[in-house]
Amino acid sequence: LIDGAQTFESLFEAIAAARHHVHLEYYIYTPDELGTRLRDLLVERLREGIKVRLLIDSLGSKRITRRYMRPFLDAGGQLAFFHSVRMRRFRPVVNMRTHRKIVICDGRVGFVGGINVCDEQDERFRADAWRDSHLRIEGLAVHRLQQIFLEDWHYETGEAFDADQVEPLRTELAPDLEAGSHVMQVIASGPDTELAPIQRTMIASINAASQRIWLTTPYFIPDEASLFALTSAALRGIDLRILVPRRGDSRLVTWSARSYFDELIRAGAKLYEYQPRMLHSKTMLVDDRYAFIGTANFDNRSFRLNFEVSVLMYEQQMAERFAEQFQIDLRSSRQVLRDRRLPWYAVVGEAFARLCSPLL
């Protein structure tokens, strides 16, 4: 699903068709026109007897108040804020956010990707809406998305179920599904594990590349292991292309990303900056074998601090679709030249941002 209009049209259709429950988890949910439309649709479904659980990050969705959500709560909706930043627990959890964007309808249809609930991500409301990508899933992989959501929900709310309710709940939350035609793996990561599974899987696929690595990310701040894998791939002749926004939503993060450009270009990588608007898509294509899409950026925060989820697809059909979209985005991009001519303040800014990069 490309950009917000297409994504939310499909999402609203799935929510309207739900017969048992709708589960939603978002990093950013804002009380603007899109957020209100989604809230009102959920209220409508609640009044029709559908169960709705909504988990939103307390920092990313800080503009959402219980007063705004009162129609949702009065209709019987369940609302939870992930890692509240109340002063007594501010310091331990302020960096540990749920950056996940997950929706599950009836345990049969799932959505995951980079798109949050805000007008900034829907071109019907903003001409400069962010360029982004999302994925709609049916089949067995939805069970894994459901598991991730329920673990997050239980962690934040403590909601548990009696043993005699397990079978009815299993039928409702994880119905029997047939295997589909696409081979995929849903990968969750976060500060609850030291294994960094998303980063390890991406590095493993980079090291296994034999032809190409096409990476799209809004925030590019690789750690030593990730940078080593990318430069090694470029040095052995892999077609390494990295697409980032010309200007992100943080100047410090933009400068930090650019501080890695020269090293990558010297190794043989091709760097591109997407020009028209903010690029927020998080995808990676390796050869014709591996296609990644999800919520994780290519940076330390996503690899180590945030709760993230990515989908890895193992097949040529999806790889070809990712390649087609990457080439479309390149038409609106400019390649970064080997001999970049920078004003003094940009040189200083990149140097300072590079020092801060482990913290960004």
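Scroll up a little and you will see the structure.
Quick summary incoming for the structure in this document. (Residues numbered from 1 in each chain as written. Predicted model: local features only at pLDDT ≥ 70, side-chain atom pairs only at ≥ 80, totals over all residues. Heavy atoms only, no water.)

1. As for unusual backbone geometry
We apply this condition: By definition, any uninterrupted DSSP run of H or I lasting at least four residues is a helix, any uninterrupted run of E lasting at least two residues is a strand, and each is numbered from the N terminus. To sort residues, take the accessible area from a 1.4 Å probe on protein chains only and compare it with the maximum for the residue type: under 20% means buried, over 50% means exposed, and anything in between is partly exposed.
Of note in this structure, Asp3 is not a glycine but carries a positive phi near 70°. Structurally, Asp3 is set in helix 1 (residues 3-17). By relative accessible area, which is 8% here, Asp3 ends up buried. Even without being glycine, Asp106 reaches a positive phi, approximately 60°. With respect to the helices and strands, the residue Asp106 is situated in the loop between strand 4 (102-105) and strand 5 (109-113).

2. What about the nonpolar core?
For clarity, the threshold we go by: Only buried residues count toward a nonpolar core, which is a set of Ala, Val, Leu, Ile, Met, Phe, Trp, Tyr and Cys residues joined through side-chain atoms within 4.5 Å.
In terms of nonpolar packing, the biggest core is built from 40 residues, with Phe220, Ile242 and Leu264 touching the most fellow members. In terms of residues, this core owes the most to one element, helix 8 (residues 224-235), which gives five residues. Counting residues in each nonpolar core, the second largest holds 32 residues, with Tyr26, Leu38, Val103 and Ile115 among its members.

3. Description of the packing of helix 1 against helix 2 (residues 33-47)
When two helices pack together, their arrangement is given by the angle between the helix axes and the distance between those axes. We count it as follows: Note on method: axes are straight lines fitted to C-alpha atoms, helices fitted across the in-contact stretch only, with angles between N-to-C directions ranging 0 to 180 degrees. Note on terminology: angles under 35 degrees are roughly parallel, angles over 145 are roughly antiparallel, angles of 65 to 115 are roughly perpendicular, and the others are oblique. Crossing handedness: left-handed means the near helix sits turned counterclockwise from the far one by under a right angle, and right-handed means the same turn made clockwise. Two residues form a contact once any of their heavy atoms are found within 4.5 Å. Throughout this entry, Asp, Glu, Lys and Arg are counted as charged residues, while Ala, Val, Leu, Ile, Met, Phe, Trp, Tyr, Cys and Pro are counted as nonpolar. The remaining residues, Gly among them, count as polar.
As a packed pair, helix 1 and helix 2 sit with axes 10 Å apart at the nearest point and diverge in direction by 15°. By the angle between their axes, helix 1 is roughly parallel relative to helix 2. In this structure, the crossing between helix 1 and helix 2 has a hand that is right-handed. Contact residues: Phe8, Phe12, Ile15, Ala16 and Ala17 in helix 1; Leu34, Arg37, Leu38, Leu41, Leu42 and Arg45 in helix 2. Classifying every residue of the contact of helix 1 with helix 2 gives nine nonpolar, no polar and two charged.

4. Quick word on helix 5 (residues 141-157)
Applicable threshold: Here the expected span of a helix is defined as 1.5 Å times the quantity of residues minus one. The directions considered for the arc run from the helix axis to the C-beta atoms.
With 17 residues, helix 5 extends 25 Å between its outermost C-alpha atoms, agreeing within 8% with the 24 Å of an ideal straight helix rising 1.5 Å per residue. Residues of helix 5 that are buried include every one of Ala141, Val142, Leu145, Gln146, Ile148, Phe149, Asp152 and Trp153, and no others. Projected onto a plane normal to the axis of helix 5, the buried residues spread over an arc of 160° and lie on a single side. Gly158 sits one or two residues past helix 5 and shows a positive phi near 75°.

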